[in-house]
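One-letter residues, chain by chain:
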Amino acid sequence: MENELVEQRKEKIKELRSLGIDPFQNNFKPTHEADNVLSTYANHSEEDLKNHSHEFSLAGRLITLRDFGKTIFFHIMDRTGKIQGYIRKDVIGDEKLGFFKKFIDIGDFIGIKGNLFKTKTGELTINIKDFKLITKSLYPLPEKWHGLKDVETRYRKRYLDLISNPEVKEIFLKRTRIIRLIREFLNERGFIEVETPILNTIAGGALAKPFKTYHNALDLELYLRIAPELYLKRLVVGGFERVYELGRTFRNEGVSTQHNPEFTIMELYQSYATYEDLMELVEELICYAGEAILGALEFDYQGMMIDMSRPWKRINLIESIKSKLAEDILGRDELLFKKAASLGIAHKGIRGKALTGIFERLVGDGIVDPTFVLGFPTDISPLARKNDLNPDITDRFELYIAGREVANAFSELNDPIDQKERFLRQLDLKSKGEEEIHEMDEDFIGALEQGMPPTAGAGIGIDRLVMLLTNSPSIREVILFPHLRPE
RNA sequence: GAGCCGUUAGCUCAGGCUGGUAGAGCAUCUGCCUUUUAAGCAGAGGGUCGCAGGUUCGAGUCCUGCACGGCUCACCA
């Protein structure tokens, strides 16, 4: 059953059609936009405006309406903002006023024409000489004062959220700007943007569970990518010495305020660079975007004051754990695993998992200002180059900000023989029951056999970066259509 | 996957502890109102109280199950 509000508006559509008026028109060309008009004439006096006979035409959604009988005030909203319109019976005439009152509802798109003036309260307003119904809206807008609050409705009907909550629109505009800034930054440094397959036969480049899908014509099981890494490194082999991809990645894992099944990652690879060089690059990149968005390098995130001033702190994973523990548990695996288990970490007998788990719990969660964490264990870094002095760790860092991992980077492993051994080691772990391992990728090893120049690569979680720079508590606030169960 | 909380009119929310035929504001409709901006005044309509069971003479309210959502935790980025 349709509700009466919709019925009333459908009735209006019928009546309009019977009058020969199309309630869904396609022929209104506005000459101006709200923000531009308001900023251009903000400092004009009433006298100036009076002598200024220019006529403006604008279009937008009617969002507020105050009817005084023989006059009407309203606001319309276009892509740039909102502007007030004023209808007077003695200006517009009886017939048009009547039409407006009878057929125009909040939510409709209308086109307006008129001169600019200032109201008593000083608001620049269009004195309407003519208007046109452009698109009829059938459904009422959310409450004008409280807006749309219901979180579920906000996500399911994001269009309503964007119409009635300006701060939400602002977040997504910022997201777009951040992504544009990242592209700008990388393009200027000679990085080439590419697109690599999302449908993969082997879901490689990370340790995560993939989504499965199926290609009918090829009768082939495929996976949605969990990272673009291995394809990008093939391109480095092919001579794209500086390359990046900014796109969607999929992981078949739990959803939370930090995790959406599909999320946006930016991965870059730079030949003849090391992970040390990438610390510089990542610092510069995030500061470049951050400063442009926030106007400062110090900002509030969910009650935490974050200082992104450079240079950023660097800590060693193992050393940082040691400093938090009373006794040395790192020398003996059984002590290490016991400690991990006591913290509820599912280490599955993998030393690196236990170590990083303990790190996250004891150190990572407490990090506020940007901090590079160095010295990640080799057994959980199957694609990273081993440290020259200590083969148990890799030349890798993760960037933590506000207790969260925002970036991950390393000097790439380009020795095909070592790479093959690492994959074999992963398969060994799989046979011992570990689910999240890196599959053997013979084709990728083939690429390394061709010779990949020394290269360092970094991945940045774009959603998390956007959360940080827009002070958003949940990843769903920075993804337009976050994953929800069907109603 | 587990725990806690939530779901009442188009929207924002009361009511629920202590069971007795459902409330407000905005929006809608009618009337009045020529500088308002949460406009104002007077009146009206609008609800399978998330879904399904149970207890009861009687359930929005108590109990159970389910669905969806939020937060926290676990895995992860």
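Scoring rules and cut-offs
Residues numbered from 1 in each chain as written. Chains lettered and ligands numbered in written order. Predicted model: local features only at pLDDT ≥ 70, side-chain atom pairs only at ≥ 80, totals over all residues. Heavy atoms only, no water. Pairing = 2+ DSSP bridges. Helix = DSSP H or I, 4+ residues; strand = E, 2+ residues; numbered from the N terminus. Axes fitted to C-alpha atoms, helices over the stretch in contact; angles between N-to-C directions. Parallel < 35°, antiparallel > 145°, perpendicular 65-115°, else oblique. Left-handed = near helix turned anticlockwise from the far one by under 90°. Contact = heavy atoms within 4.5 Å. Nonpolar A, V, L, I, M, F, W, Y, C, P; charged D, E, K, R; others polar. Buried < 20%, exposed > 50% of the residue type's maximum accessible area, 1.4 Å probe, protein only. Domains from an automatic or database assignment. Expected span 1.5 Å × (residues − 1).

## Brief notes about the sheet that holds strand β5 (residues 124-135)
Strand pairing in a sheet is mediated by backbone hydrogen bonds. Such pairs are either parallel or antiparallel.
Point 1. Judged by pairing direction, the barrel is mixed, and its five strands sit side by side in the order β1-β2-β3-β5-β4 before closing back on the first. Here the strands of the sheet are splayed against their neighbours by 55° on average, with no regard to which way each runs.

## Points about the packing of helix α8 (residues 166-188) against helix α10 (residues 275-294)
Point 1. Contact geometry for α8 and α10: axes closest at 9 Å, N-to-C directions at 140°. The pairing of α8 with α10 is recorded here as oblique in orientation. You can see that α8 and α10 cross each other, and the crossing is right-handed. Each of K174, R177, I178, L181, I182, E184 and F185 in α8 lies in contact with α10, whose residues at this interface are L281, E284, L285, Y288, A289, A292 and I293.
Point 2. The class makeup of the residues in the contact of α8 with α10 is ten nonpolar, no polar and four charged.

## Some words on unusual backbone geometry
Point 1. The step from R310 to P311 runs through a cis peptide bond, and the omega angle for that step is -5°.
Point 2. Structurally, P311 is set in the loop between β13 (304-307) and β14 (313-316).
Point 3. Of note, Y272 is a non-glycine position whose phi angle comes to about 65°, a positive value.
Point 4. Positioned with a positive phi, Q302 is a non-glycine residue whose angle comes to about 50°.
Point 5. Along the polypeptide, Q302 turns up in the loop between β12 (298-301) and β13.
Point 6. By relative accessible area, which is 39% here, Q302 ends up partly exposed.

## Re the domain arrangement of chain A
Point 1. Segmentation of chain A into domains returns domain 1 (2-141) and domain 2 (163-324 + 363-477).
Point 2. Placing a centre on the C-alpha atoms of domain 1 and another on those of domain 2 gives a separation of 49 Å.

## Details of α8
Point 1. The end-to-end C-alpha distance of α8, which contains 23 residues, comes to 33 Å, matching closely the 33 Å that a straight helix rising 1.5 Å per residue would cover.
Point 2. All of the buried residues along α8 are V168, I171, F172, R175, I178, I179, L181, I182, F185 and L186.
Point 3. Buried residues along α8 sit in contact with α6 (151-156), α7 (158-164), β10 (242-250), β11 (262-271), α10 and α16 (462-469).

## Considerations on the packing of α8 against α16
Point 1. Two elements in contact, α8 and α16, have axes whose closest approach is 10 Å; the angle formed by their N-to-C orientations is 120°. Comparing their axes, α16 and α8 come out oblique. With respect to the hand of their crossing, α8 and α16 are arranged in right-handed fashion. Judged by residue contacts, R175, I178, I179 and I182 of α8 engage I462, D463, L465, V466 and L469 from α16.
Point 2. Across the contact of α8 with α16, the residue classes break down as seven nonpolar, no polar and two charged.

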